[in-house]
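Structural overview for review
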Amino acid sequence: MEKSTDSATLSAIKEAEKTGIKTVWDRYAAQIPQCGFGETGLCCRNCMQGPCRIDPFGEGPQMGVCGANADIMVARGISRAVAAGTASHGGHAKHMAHTLFKSAIGEAPDYPIRDEAKLKAVANRIGVKVDNRDVRAIAIDVAKKALEEFSEKESPLTWAATTMTKGRIDTFLKYNVVPTGIDSVVAESMHRTTYGVDADPVNLLLGAVKCALADYAGCHIATDIADILFGTPHPTLTRANLGVLNKDAVNIAVHGHNPLLSDIVVQVAGEKDMIDRAKTAGASEGINIVGVCCTGNEVMMRHKIPLATSSVSQETVILTGALDAMVVDYQCIMPALSNIAECYHTKMITTMPIAKIPKAVHIEFSEANAKESARRIISTAIEAFKKRDPNKINIPDISSAAFAGFSTEAIIGALSLVNKEDSLKPLIDNIVAGNIYGVCLFAGCNTVKVTQDANYTAMIKELVKNNVLILATGCASGAFARHGFMTPEATEKYAGNGLKAVLKAVGQAAGLGGPLPLVLHMGSCVDNSRAVDVTVAVANKLGVDLNMLPVVASAPEPVTEKAVAIGTWAVASGLPTHLGVVPPVLGSKTVTQVLTSTVKELFGGYFIVEPDPVKAAEALLSVIAERRRGLGLSA
Ligand code: NFS
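Residues numbered from 1 in each chain as written. Predicted model: local features only at pLDDT ≥ 70, side-chain atom pairs only at ≥ 80, totals over all residues. Heavy atoms only, no water.

Before going further, it helps to examine the overall build of the protein. On a plain count of helices and strands, the protein comes out with 26 helices and 16 strands. Expected size for 635 residues packed as a compact globule is a radius of gyration near 26 Å; at 24 Å, the protein falls within 12% of this value. Across its three principal axes, the protein shows a C-alpha extent of roughly 65 × 65 × 50 Å. Within the protein, residue pairs in contact and separated by at least 24 positions form 76% of the contacts whose partners lie at least 6 positions apart. Carbon and sulfur atoms form 54% of the exposed surface of the protein, whose accessible area is close to 23,300 Å². For the protein, the distance from the average site of its 61 positive side-chain charges to the average site of its 63 negative ones is 2 Å. (Helix = DSSP H or I, 4+ residues; strand = E, 2+ residues; numbered from the N terminus. Rg over C-alpha atoms; globule rule 2.2 N^0.38 Å. Contact = heavy atoms within 4.5 Å. Areas by Shrake-Rupley, 256 points an atom, 1.4 Å probe, with all protein chains shown as cover. Lys, Arg positive; Asp, Glu negative; His and termini not counted. Charge placed at Lys NZ, Arg CZ, Asp CG, Glu CD.)

With that settled, consider the state of the cysteines. The full count for this structure, using the stated rule, is 0 disulfides. There is no disulfide at Cys211, and the cysteine sulfur nearest it, in Cys219, is 12 Å away. We classify Cys211 as buried; its relative accessible area is 0%. (Disulfide = S-S within 2.5 Å. Buried < 20%, exposed > 50% of the residue type's maximum accessible area, 1.4 Å probe, protein only.)

Another aspect to go through is the coordination of the nickel atom of the ligand. For the nickel atom of the ligand, the protein contributes exactly one donor atom, Cys525 (SG), at 2.2 Å. By secondary structure assignment, the location of Cys525 is in the loop between β13 (519–523) and α23 (528–542). (Donors = N, O, S within 2.8 Å, 3.2 Å for Na, K, Ca; no water.)

Turning our attention to the packing of helix α4 (residues 70–104) against helix α24 (residues 561–572). The geometry of α4 relative to α24 is characterised by a closest axis approach of 7 Å and an angle of 100° between their N-to-C directions. One element, α4, and the other, α24, form an angle in the roughly perpendicular class. Facing Ala81, Val82, Ala84, Gly85, Thr86, Ser88 and His89 of α4, the residues of α24 in contact are Glu561, Lys562, Val564, Ala565, Ile566 and Thr568. (Axes fitted to C-alpha atoms, helices over the stretch in contact; angles between N-to-C directions. Parallel < 35°, antiparallel > 145°, perpendicular 65-115°, else oblique.)

Let us look at helix α19 (residues 454–465). Taking 1.5 Å as the rise per residue, α19 with 12 residues should run 16 Å; its terminal C-alpha atoms sit 17 Å apart, in good agreement. Taken across its 12 residues, α19 has 9 buried, putting it largely inside the fold. Listing the buried residues of α19 in full gives Ala454, Asn455, Tyr456, Thr457, Met459, Ile460, Glu462, Leu463 and Val464. (Expected span 1.5 Å × (residues − 1).)

Here we come to the site of the ligand. Taken together, His257, Cys293, Cys294, Ser311, Cys332, Gly444, Cys445, Cys475, Cys525, Thr560 and Lys562 are the residues near the ligand. Tallied by class, the residues present in the shell around the ligand amount to 6 nonpolar, 4 polar and 1 charged. Two domains share the shell around the ligand, each providing at least three of its residues, namely domain 2 (242–392) and domain 3 (400–630). (Near = heavy atom within 4 Å. Nonpolar A, V, L, I, M, F, W, Y, C, P; charged D, E, K, R; others polar. Domains from an automatic or database assignment.)

Another aspect to go through is the domain arrangement of the protein. As a measure of interface size, the accessible area lost when the parts come together is often cited. As far as domains go, the protein holds domain 1 (70–230), domain 2 (242–392) and domain 3 (400–630). Each partner contributes residues to the interface: domain 1 has 37 residues there, and domain 3 has 36 residues. Summed over both partners, the interface of domain 1 with domain 3 comes to about 2,900 Å²; 70% of that surface belongs to carbon and sulfur atoms. Of all residues in domain 1, Val74, Thr165 and Arg168 bury the most surface against domain 3, accounting for 19% of the area lost on that side. At the boundary of domain 1 and domain 3, one finds 3 salt bridges. Put simply, domain 1 and domain 3 have 13 residue pairs in polar contact (both at pLDDT 80 or more) between them. Those elements giving two or more residues to the side of domain 1 that touches domain 3 turn out to be α4, α8 (166–174) and α10 (201–230). The biggest single contributor to the side of domain 1 that touches domain 3 is α10, with 14 residues. A per-class count over the side of domain 1 that touches domain 3 returns 21 nonpolar, 11 polar and 5 charged. (Buried area = accessible area lost by both parts, 1.4 Å probe. Salt bridge = Lys/Arg side-chain N within 4 Å of Asp/Glu carboxyl O. Polar contact = N/O pair within 3.5 Å; in protein donor to acceptor, adjacent residues only side chain to side chain.)

Moving on: the side chain of Gln331. For Gln331, the position within the fold is in the loop between β7 (325–328) and α15 (336–342). A relative accessible area of 17% means that Gln331 is categorised as buried. Here Ser88 takes part through its backbone oxygen, which lies 3.0 Å from a polar atom of the side chain of Gln331. Leave out the neighbours within four places in its chain, and Gln331 touches Ser88, His89, His92, Gly256, His257 and Lys562.

Three or more residues of helix α9 (residues 182–192) are buried, namely Ile182, Ser184, Val185, Val186, Ser189 and Arg192. Buried residues in α9 make contact with α4 and α10.

Tallied over the entire structure, the rule returns 9 aromatic pairs. Judged by centre distance (5.5 Å) and plane angle (80°), the ring pair of Tyr456 and Phe480 falls under edge-to-face. A residue pair is termed long-range when its members are at least 10 positions apart, and Tyr456 in helix α19 and Phe480 in helix α20 (residues 474–482) qualify at 24 residues. One exposure class covers both Tyr456 and Phe480, and it is buried. Between Phe485 and Tyr494, the aromatic rings sit 5.3 Å apart at their centres with planes inclined by 40°, giving tilted as the arrangement. Classification of Tyr494 by relative accessible area gives partly exposed; the value is 24%. Connected via pairs of aromatic rings, a cluster forms that spans Phe442, Tyr456, Phe480, Phe485 and Tyr494. In this arrangement the basic side chain of Lys392 is found over the ring face of Tyr344, its NZ or CZ atom lying 5.3 Å from the centre. (Phe/Tyr/Trp six-rings, centres within 6.5 Å; stacked < 30°, edge-to-face > 60°. Lys NZ or Arg CZ within 6 Å of the ring centre and 35° of its normal.)

Attention now moves to the pattern of salt bridges. Under the defined criterion, the tally for this structure stands at 34 salt bridges. Note that Glu15 is salt-bridged to Lys18, the shortest N-O span being 3.3 Å. Pair noted here: Glu15 and Lys18 are both in helix α1 (residues 7–19), with a separation of 3 residues, about one helical turn. Residue Lys18 is classed as exposed on the basis of its relative accessible area of 67%. Put simply, Arg375 and Glu372 hold a salt bridge, and the shortest N to O gap is 2.9 Å. On the criterion of helical spacing, the pair formed by Arg375 and Glu372 is a turn pair, its members being 3 residues apart in helix α16 (residues 370–385). The class for Arg375 is partly exposed, based on a relative accessible area of 25%.

What follows covers the environment of Arg628. Checked against the element boundaries, Arg628 lands in helix α26 (residues 613–630). Those residues in contact with Arg628 that lie beyond four places of it in its chain are Ile431, Val432, Ala433, Gly434, Ile436, Tyr437, Pro550, Leu633, Ser634 and Ala635. A polar side-chain atom of Arg628 sits 3.5 Å from the main-chain carbonyl oxygen of Val432.

One finds Val142, Phe442, Ile470 and Phe480 to be the most contacted residues of the largest nonpolar core, which totals 184 residues. With 19 residues, α10 is the single largest residue contributor to this core. Every residue in contact with Ile470, bar those within four places of it in the chain, is listed here: Cys440, Phe442, Ile460, Leu463, Val464, Phe480, Leu518, Val519 and Leu520. Counting 34 residues, the second largest nonpolar core, distinct from the first, contains Val292, Leu319, Met334 and Ile357. (Core = buried A, V, L, I, M, F, W, Y, C linked by side-chain atoms within 4.5 Å.)

Written out as structure tokens, the structure reads:
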């Protein structure tokens, strides 16, 4: 199997091979064959009478020591993955909410409220009084309401209840999957999956849906507060891929998830004193910040920061020999980075008390001293720059232009330039007319198990040829950005005639002088909430529920437990959701059946597992056709 379709990644891998540095691909090869019990979900370590394994071929044991069978083991495994994902997004969101609160009471001076309009819009939506009130008072109430979401409440989560359709809420109530606290439902999931609690696979899976809906609320809180503190994104042009590293600048990569770190690093890197110090150290072009993974998306769409690479290829940024500091917060950061950094002058810098990595420098980052910490981080990078080995520099001269930053507000704003009175009308009219056949949200990661980006690039070509509008978040957007799909040129080259005409009309009205890019970049993984907002607005306008719309989702190369949580709430929201990698469920026929079929009867959404990208695109197109027929539209 080829390791990647990205020539910059391949060039970096070649460099690693030359110097004997091991990367994720080597470590994966060393794991082959991977454990068949784990792969099928038939391994349980939930108690100390285990570990227990069930023989998928039916010859060996069919039960663990406690009597748990394959269905229970697989359902518990999925449920715990959703809980871990929810805890991650929840942790990120809670961090944001605490910072908003501290900002409002004057204890986080580096985090002023940048987007009052967004603050007021969120306040209005969640029932916080806005009129004649001081911004800080509103922010305190919004932050308190957000923090209340984490422990057990009497009522459903506000961030889920106020952002979904009425039909969805009724469905969630009907199946008793309405979460009332983000942290409390994570705890409930851990409880019900521990030794000797829930042994009904369907009940366990419904528990996973409940937890996933809390994940959705967490994502939405994270998006809302990021916009309040750092500004709501608008389309902006930047570049993506390893060629964005600059040999004449101090290169600093921000990697991880929370803009609370990356946004401040970007701000401080613009300070004259910092730039002067970099120049004095010999970096004639000053400081160059580049992004990796989701925090890269956050600063890409708000500050034009170029994206160096994403998820599976994160090590390649160090392999350029020109990275002076890799600055990380939490999530999706390979511990291997600090080993590779050791082979170079690169400083690996951790910043969060819950995410330390041996051999990294730890510069703690707190709301009270954010800018000061950022100055220390950048100074450390400047010192490292002085130790660069020119013989080791190998920056592939490869990068693509990329438009980023299509927030819900930006999309609606662009549409309203076409129709001032009724901004959603152009979108809906074009869906009805078939110029937009359907919508596909690409989300999720890059995995070492698939040729990097191959599924993304093959699927998008099939879909857009058939006039499917493409939204993307997370490392999915990274894949498209690195391959040049986030450009008007890609629209001209790949879009079907109907889609092209729509993207041209909106692009022209928005003053871009050409079509909108082929992929609308909606942000990081928590920003999947933005895609829901657009979909809910369309559903409400049409007077139908989400499970009737010709909207689908795809994670062609999923990796993390967060992706499992997002996929689960996408399905519960009514979206048929494609996975390009088989999740660890095949050990249970019951669970596989529920996730790919039975769940459709409950929520309308379901998982489509298809590793072949062309077949996957065909499957999504036929789902869109079915939905269109359901709405009485031409298929
Ligand atoms: Ni999403 Fe973002 Fe990327 Fe996957 Fe990780 S960075 S939160 S989990 S790997 S898309």
